[in-house]
Amino acid sequence: MRQPWPAPQARGPVDAVVTLPGSKSLTNRYLVLAALAADVSRLRRPLRSRDTLLMAEGLRRLGGRVLEAPGEPGHGPDWIVEPGLVTGSCTVDCGLAGTVMRFLPPLAALARGPVTFRGDPVAGRRPMGPGIGALRALGVAVDDAGRGRVPFTVLGTGSVSGGLVRIDASSSSQFVSGLLLSAARFDNGLEVVHEGPPVPSRPHIQMTTEVLRDAGVVVDDDEPNRWRVEPSEVFGLDVLVEPDLSNAAAFLAAAMVTGGTVYVPGWPAHTTQAGDAIRDIFDTMGGSVSLAREGITVTGPTTVHGLDIDLSHAGELAPVVAAVAAVADGPSWLRGIGHLRGHETDRLAALGTEIEARGGRVEVLADGLHIRPRPLRGGVFHTYADHRMAMAGAILGLVVPGMRVEDVGTTGKTLPDFVTRWQAMVGALTPEAPAGSRAGSR
């Protein structure tokens, strides 16, 4: 959408069922491992978004085959991945996807020939230095003209010796995950040691190690800040991709800010997704949260409460939590998220600027945000090409008249039909579908 999107305002408590596609984080990890496997893999209910399509195309450029096959009714086609990574002398488009620019370079080192990584005009803001430095320490030649950012070229030789590598992954856990995903195909496996401030979003590394184990890879992660992967064959996968819980958080937030009820089916009882933390967060903020075998239900409170929370393990939830906190009954502190400055945009500065522009008060701290709620007014909510910022603006639009979200299409990064799903959820409250009917997007 070229013009700012008029975010729909809720006419009462939202009451909806919202079914969401698969996790981006899991889909892209499964794609990388499937491309490295010794036999064919099948990904059921994968997410098809800009980030995952870029990953699939990157693997095709490197010689893999990612094909479509009929899937379950209502869930779109499955992905069939046939291995065969031998190709170099190609260019990979990363877009703004951190998983593509950080997961594929170690894999590209296993190809023969140069592989150039490029991205969107603002992709160069995302740090790549630790990942590039780790590859060089492993003997892989990388030409980045001293930038430590995209664009850069990995000069693959067809093999990587592996061994011990030390890295400061305090700016992103994806640097560790990217190395681990390809490590079983290194001649001597890999031992990754983190040295530096705490690694953010640690659940994502746990996700990576569990996905590796699903593919038969031996991983030792018993020692803090040290991960070992044995050289081994990678088995093909046949997996059902969990719903994306971080995307779901925005829809559950609709229940929080409107005092309504949102049900998301298929929420896993056990998961490594960082988005699962939203259950405890919304409970702390006064919501009623119920997880059953069939899914999760969140009912919002009469008044949202502020909170003081460390989000270092679930920083991707910060924009959603900040939006809810901006309409709470008291101040909130979101801590441990200094690393969000290196995401699609500087999310701390962006959230502070946009909430303040709408009448709120936000202090940007060294590692987080101090949000002091005040009455908000409508206007353009800028997104800075960041899908999570667009979702934050949509949440505020539910309760702030006249909110318009700039470049809402950026949500296609992880949820291509966000607008359709959001409008269906808000439109669930109609004379034909009164509150309590659970009519909504499915």
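Our structure's up above, just so we're on the same page.
Owing to the predicted nature of the structure, the values given are computational and were not obtained by experimental measurement.

For the chain, the count of helices and strands is 12 helices and 23 strands. For the chain, whose C-alpha radius of gyration is 21 Å, the value lies close to the compact-globule estimate of 22 Å for 442 residues. Considered along the principal axes of its C-alpha atoms, the chain spans approximately 60 × 45 × 45 Å. Expressed as a percentage of the 442 residues in the chain, the buried residues total 59%.

The next subject is empty space enclosed by the protein. For the structure on display, the rule yields 2 cavities of 30 Å³ or more. Contributing to the lining of the largest cavity are 32 residues, with Lys24, Gln174, His204, Glu316 and His343 lying nearest its centre. At the level of elements, α1 (24-36), α3 (98-108), α6 (202-214) and α11 (387-397) are the ones that each hand at least two residues to the lining of the largest cavity. Among the residues making up the lining of the largest cavity, the classes are represented as 5 nonpolar, 16 polar and 11 charged. Contributing elements (two or more residues each) for the lining of the second largest cavity: α3, α4 (129-137) and α5 (174-183). Looking at the lining of the second largest cavity residue by residue, the classes come out as 8 nonpolar, 2 polar and 1 charged.

A word on the side chain of Thr414. Structurally, Thr414 can be placed in the loop between β23 (403-405) and α12 (418-426). Judged by its relative accessible area of 0%, Thr414 falls in the buried class. Side chain to side chain, Thr414 and His387 meet in a polar contact 2.9 Å long. The residues contacting Thr414, other than those within four sequence positions of it, are Lys24, Leu47, Ser49, Asn247, His387, Arg388 and Met391.

Close contact between helix α9 (residues 318-325) and α11 brings their axes to 8 Å; oriented N to C, the two are set at 20 degrees. Considered as vectors, α9 and α11 are oriented roughly parallel to each other. Handedness of the α9/α11 crossing: right-handed. Along the contact surface, α9 presents Pro319, Val320, Ala323 and Val324, while α11 presents Arg388, Ala392, Ile395 and Leu396. Partitioned by chemical class, the residues of the contact of α9 with α11 number 7 nonpolar, no polar and 1 charged.

A few words now on the sheet that holds strand β13 (residues 226-229). The strand order across the open sheet formed by 4 strands is β10-β11-β13-β12, and the pairing between neighbours is mixed. Two strands in the sheet have a free side with no partner beyond their single neighbour: β10 (163-167) and β12 (219-220). With 4 bridges connecting them, strand β11 (residues 190-194) and β13 associate as antiparallel partners. Bridge pairing in β13 places Val192 opposite Trp227. Sheet contacts for α6: β12 and β13; angle to β13, the most-contacted strand, approximately 15 degrees.

A volume near 470 Å³ is recorded for the largest pocket. Forming the boundary of the largest pocket are 23 residues, of which Leu20, Pro21, Gly22, Arg45 and His75 lie nearest the centre. Residue composition of the lining of the largest pocket, by class: 11 nonpolar, 6 polar and 6 charged.

With that settled, consider the sheet that holds strand β21 (residues 369-372). Taken together, the 4 strands give an open sheet; going across it, the order is β18-β19-β21-β20, and neighbouring strands pair in mixed fashion. Strands with a single pairing partner mark the edges of an open sheet, and in this sheet they are β18 (308-310) and β20 (361-364). Each neighbouring strand pair of the sheet contributes to a mean axis angle of 10 degrees, computed without reference to strand direction. As judged from the 4 bridges shared by β20 and β21, these two strands associate in the antiparallel manner. Paired with Arg361 across the bridge in β21 is Arg372.

We now examine α5. Along α5, 10 of the 10 residues are buried, which leaves the element largely enclosed by surrounding structure. For α5, the full list of buried residues reads Gln174, Phe175, Val176, Ser177, Gly178, Leu179, Leu180, Leu181, Ser182 and Ala183.

Opposite charge on two side chains permits pairing when their charged atoms draw close. In total, this model carries 26 salt bridges according to the counting rule given. The residue Glu72 makes a salt bridge to Arg45 at a minimum N-O spacing of 2.7 Å. Of this pair, Glu72 sits in the loop between β4 (65-69) and β5 (78-82) while Arg45 sits in the loop between β3 (41-44) and α2 (50-61), placing them 27 residues apart in sequence. For the salt bridge of Arg61 with Glu57, the shortest nitrogen-to-oxygen distance reads 3.2 Å. Taken together, the positions of Arg61 and Glu57, both in helix α2 and 4 residues apart, correspond to about one turn of that helix. Put simply, Lys24, Asp51, Arg126, Glu344, Arg347, Asp386 and Lys413 are held in one network by salt bridges that share partners.

Procedures and definitions
- Residues numbered from 1 in each chain as written.
- Predicted model: local features only at pLDDT ≥ 70, side-chain atom pairs only at ≥ 80, totals over all residues.
- Heavy atoms only, no water.
- Helix = DSSP H or I, 4+ residues; strand = E, 2+ residues; numbered from the N terminus.
- Rg over C-alpha atoms; globule rule 2.2 N^0.38 Å.
- Buried < 20%, exposed > 50% of the residue type's maximum accessible area, 1.4 Å probe, protein only.
- 1 Å grid on protein atoms, 1.4 Å probe; cavity = no way out; pocket = protein on both sides within 12 Å on 5 of 7 lines; lining within 4 Å.
- Points joined across faces, edges and corners; volume = space filled by probe spheres on them.
- Nonpolar A, V, L, I, M, F, W, Y, C, P; charged D, E, K, R; others polar.
- Polar contact = N/O pair within 3.5 Å; in protein donor to acceptor, adjacent residues only side chain to side chain.
- Contact = heavy atoms within 4.5 Å.
- Axes fitted to C-alpha atoms, helices over the stretch in contact; angles between N-to-C directions.
- Parallel < 35°, antiparallel > 145°, perpendicular 65-115°, else oblique.
- Left-handed = near helix turned anticlockwise from the far one by under 90°.
- Pairing = 2+ DSSP bridges.
- Salt bridge = Lys/Arg side-chain N within 4 Å of Asp/Glu carboxyl O.

Nothing here speaks to function; it is all geometry.
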